[in-house]
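The residues making up each chain are set out below.
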Amino acid sequence: MNRIRIFAALIITGSVGFAAAIAAQGTAKSPGNAWPPAKKPMDKSIALSPEEEMKTFSLPPGFRVELVASEPMIESPILMDFDPDGRLWVLEMLTFLPDTSGRDSREPLNRVSVLEDTNGDGRMDKKTVFADKLSMPRALKVLDHGVLIGEPPNLWVMKDTNGDLVADTKDLVVNTYGNPNGGIEHNANSLFWAMDNVMYSSEHVWDLRLANGKFEPLPALSRGQWQVSQDDAGRIYRNVNDSPLFVDYTPSRYFLRNPNGARTRGLYELLIEQTDAIVYPVRNNRGVNRGYRDPFFRADESSIVIQGASGPTIYRGDAYPKELHGNAFIPDSPTNLVHRMVVTDDGSGRLTAKNGYERGEFLASSDERFRPASLFDGPDGNLYVVDMYRGVVQAGGLWSEYLTGYIKANDLELPVGKGRIWRVVYGDGTARRPAAPALSKATPQQLVQTLSNPKGWWRDTAQRLLVERGDASVVPALKTLAGSAPDWRTRLHALWTLDGLDAIDAAVVRKALADGNGDVRASAIRLSERWLDRDAAIKAAVIALAEDKNWNVRRQVAASIGEMAAADRLAPALVLLTRDGADPIVVDAAISSLKGMEADVLTKIVQGSGLGTRGSGLGGQGKPAGAAAMPGEAVAMLAAAVAKSGDAAGVQRAIDVVADPSQPEWQRLALLKGLDAGLPAPGAAAAGGRGRGGRGGGGGGLPGLSAPGGRVQVTAGRGVSLPGEPAALTKLASGTDAIAPLAKNVAAKLDWPGRPAPVITASPLTAEQQKRFDAGAEIYKNICMGCHQEDGRGKEKLGANLVDSPFVNAADPSASIRILIGGKEGTIGLMPPLGPAFNDEQVAAALTYIRRAWGHTATAVDPLNVMEVRGLSKGRTKPWTDTELQAAGRGGRGGQ
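The rules we used
- Residues numbered from 1 in each chain as written.
- Predicted model: local features only at pLDDT ≥ 70, side-chain atom pairs only at ≥ 80, totals over all residues.
- Heavy atoms only, no water.
- Pairing = 2+ DSSP bridges.
- Helix = DSSP H or I, 4+ residues; strand = E, 2+ residues; numbered from the N terminus.
- Axes fitted to C-alpha atoms, helices over the stretch in contact; angles between N-to-C directions.
- 1 Å grid on protein atoms, 1.4 Å probe; cavity = no way out; pocket = protein on both sides within 12 Å on 5 of 7 lines; lining within 4 Å.
- Points joined across faces, edges and corners; volume = space filled by probe spheres on them.
- Nonpolar A, V, L, I, M, F, W, Y, C, P; charged D, E, K, R; others polar.
- Buried < 20%, exposed > 50% of the residue type's maximum accessible area, 1.4 Å probe, protein only.
- Arc of directions from axis to C-beta.
- Contact = heavy atoms within 4.5 Å.
- Polar contact = N/O pair within 3.5 Å; in protein donor to acceptor, adjacent residues only side chain to side chain.
- Expected span 1.5 Å × (residues − 1).

Trainee: An account of the sheet that holds strand β2 (residues 63-70) is needed here, citing residue identities and associated values.
Mentor: Two pairing modes exist for strands in a sheet, parallel and antiparallel, and in both the strands are linked by backbone hydrogen bonds. Reading across the sheet, the 4 strands line up as β2-β26-β25-β24 and stay open at both edges, with antiparallel pairing between neighbours. Of all strands in the sheet, those with a lone pairing partner are β2 and β24 (372-377), marking the two edges. Pairwise comparison of adjacent strand axes, ignoring direction, gives a mean angle of 25 degrees for this sheet. In this sheet, strand β25 (residues 383-387) lies alongside β24 in antiparallel orientation, the contact comprising 5 bridges. Bridged to L375 within β25 is V385.

Written as structure tokens, this is what we have:
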């Protein structure tokens, strides 16, 4: 769907303003009766006391907020963690935008503090500074082995050796934790101890594991931006900026096994599109970096979409109504709210997310300085909100001109140094406050019993303590729980605790492989990997699960067969890639298991081995027996892997099938799509072709960082040189049928002896872009041709030469958009501004024509690009100059 139409739909579906929205929230499915009335929007953004701020909150019926801590006890909090005894550890970031300079300070003024509630009233009343003099710390994890603090580029473990809650020792774990010169928004963070006993990070290329009492980095693919969370099955959740929720079905370590893999679907998989995650703030939200994007806002200035999400938290407590268990809660500090999403399992392990309320938010404030930086699922079963409480949360150096003006006009830079931590509770307040945990003193047997606690925090903490302490006396009890505990969650924790203790055995795993719960079976497959090359019974049981009815189980089999001997992988891979060959997540997991085998598997898939078809050579006919869809994803991504590996013979065999008109068209197209994805662009460096994106869920290619939004990125490999010209392919490329554009792309990326210099061709326009091009041709003829001439080469003293213009042909169309909207001064004279006369669609049409006419191969222009530039430069009153446009092209201020 066209993005402009999506945003138009947003305006229609999300057009209810904050006052009307809150009034209507009683229609949302929620505990209780009527939604509380809306809070009156504040006339001016002024700093409020905690008691005054509490009055600005709107929550669903039955919920209320309690103050846990505030300034002066804490200042500028960004993260927190609970220790086994329920004490609150807070990372205070005092150097984030500390003044009116718009820049962070690198001074070592930050700290980690411990807060205690000594009288049991729920309010913290004692503070101890555990560690201070920290420079831009990014991560905090309280362990039995000490406290991990990420201070790029260093990851420290600090210990209190005498019980006074002050760090006495400080030891370096590793000095490659993030970039010391990087900004706060894009740098290593998060140290989340997950079900599989790995501490997961975001924006970083390794995770962490505690093994034999030592911390060990584990190579990973950088995904996500902020904090990490997990559900009861141990799946990892992340997000980035305005894309609110992703899940890792397949951990990144699997994809790292096979450098030939061109894609990583299943890692960082998008669960809800940004445009579907509609929010209902209770105030004006134009004070964001792109507050000029009108389609994202209602008439009352409230945002329709999430503007800058912090890390998600999966609620795993039992203090809220049952329907909230397993929901994702997303803090969005730019819109001053916490958004609820319902995560639904279709019964087979496939997840989707939707908004938790029809019109409303879990927590929203009419105070612009309410800045929920992070959330935590507490030991009491409640969610805790870390409120940085300040006017500005956009990192310094990243402010758009629009936001800069907004901040100055509304006096948002000061005061700083405030901060609150809130507890969101359900009920009328008459329930007795639960006692604080005391797990640091629990016996090993008590910790094993705690694995059956209904609250996720207690189970997670008990598992971690058992693994950290390494007491083997609990192994028999854990084996009993793993095999017979009535709650599948307890069985799962027991299995992973055994694994963390290195005490799991084949008998336990064999039983778990037959568990009645799909999530337990999927974990059992992971846990079986150490035996897959030497235990025939376990190997047979795992291979049999390739036919499991549960999709998530089959996905895990696809990932785990890579731990088998190479000869044993082929049969289950063929089963999976034919049955689930249209499923990109299963396909990519399977290809991660097939390093060096891609060409052989591709041959068998295309021939029809196991498909109930017959064929000769590489080609095959017909539809997979019993399959719901052709295995197009499998064929395409196997072909991409063959191309990425530089296998010239494999590429040639694929071309031979493509050139055979008797082969099924879906198969020929899939092969070409794969070759196109796996081969580098013409002239690209041998080791690093540029990734190509496409819309959808999933993470980026192997070398990439956080995939923006839900974009799928495919990473190309080194070039392929054939022994001679692929004449049949070049003939196809010169045709006019549907296969010709792809054949042309592939031919342009191949090399062979005597090959003429490649002619750079433009990617074909979509039907919508072609319509825009045609409209632009009419605009050019009627408006532009008089000066720039029919051939685009202009006329002396009248119109500039567009054919040779670096602005017209630039990869980024922003400069051309600026010129058309705002005009330009040049040697010929003034190019008049057309912005007042042209709407965004017309500007996009004219520029699409100019960038594709006369042999140009630049990309088409989207109206959204025009809207973006128009918003950024709406205050400009004079034409652009060459110097300004060149600065914008280099990423200077004008390019923001």
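Trainee: Break down empty space enclosed by the protein for me, citing the residues and quoting the values.
Mentor: Counted according to the given criterion, the structure contains 8 cavities of 30 Å³ or more. Lining of the largest cavity is provided by 27 residues; of these, D81, K141, F192, F376 and W457 occupy positions nearest its centre. Of all the elements in the fold, those that place two or more residues in the lining of the largest cavity are β3 (77-82), β7 (139-143), β11 (189-193), β15 (229-230), β19 (313-314), β24 and α7 (456-469). For the lining of the largest cavity, the leading source of residues is α7, giving 5 residues. Counted as a void, the second largest cavity has a volume near 240 Å³. As for the second largest cavity, its lining consists of 18 residues, of which A233, G234, R235, Y249 and R526 are closest to the centre. Where the lining of the second largest cavity is concerned, the elements lending two or more residues are α11 (518-527) and α13 (551-560). With 4 residues, the single largest contributor to the lining of the second largest cavity is α11. Counted by class, the lining of the second largest cavity contains 8 nonpolar, 4 polar and 6 charged residues.

Trainee: Describe helix α18 (residues 648-658), with residues and values.
Mentor: For α18, the full list of buried residues reads G650, V651, A654, I655, V657 and V658. Along α18, the residues classed as buried sweep out an arc of 160 degrees about the axis, all on the same side. Lining the buried residues of α18 we find α16 (598-607), α17 (632-644), α19 (665-678), β29 (720-721), α20 (727-733) and β30 (750-751). Looking at where α18 begins, the residue whose side-chain oxygen comes 3.3 Å from the main-chain nitrogen of A649 is D647.

Trainee: Mind laying out α17, listing which residues take part and the relevant values?
Mentor: With 13 residues, α17 should cover 18 Å at 1.5 Å per step; its first-to-last C-alpha distance of 18 Å lies within 8% of that length. Counting buried positions along α17 gives 11 out of 13 residues, so the element sits mostly inside the fold. Looking only at α17, the buried set comprises A634, V635, A636, M637, L638, A639, A640, A641, V642, A643 and K644. The secondary structure elements touched by the buried residues of α17 are α14 (566-579), α15 (584-592), α16, α18, α19 and β29. Phi turns positive, to about 80 degrees, at G646, one or two residues after α17.

Trainee: So, the sheet that holds strand β4 (residues 88-92): which residues are in play, and what are the values?
Mentor: Strands sit in the order β3-β4-β5-β6 across an open sheet of 4 strands; the sheet is antiparallel. Strands with a single pairing partner mark the edges of an open sheet, and in this sheet they are β3 and β6 (126-134). Here the average twist between neighbouring strands, direction ignored, is 20 degrees.

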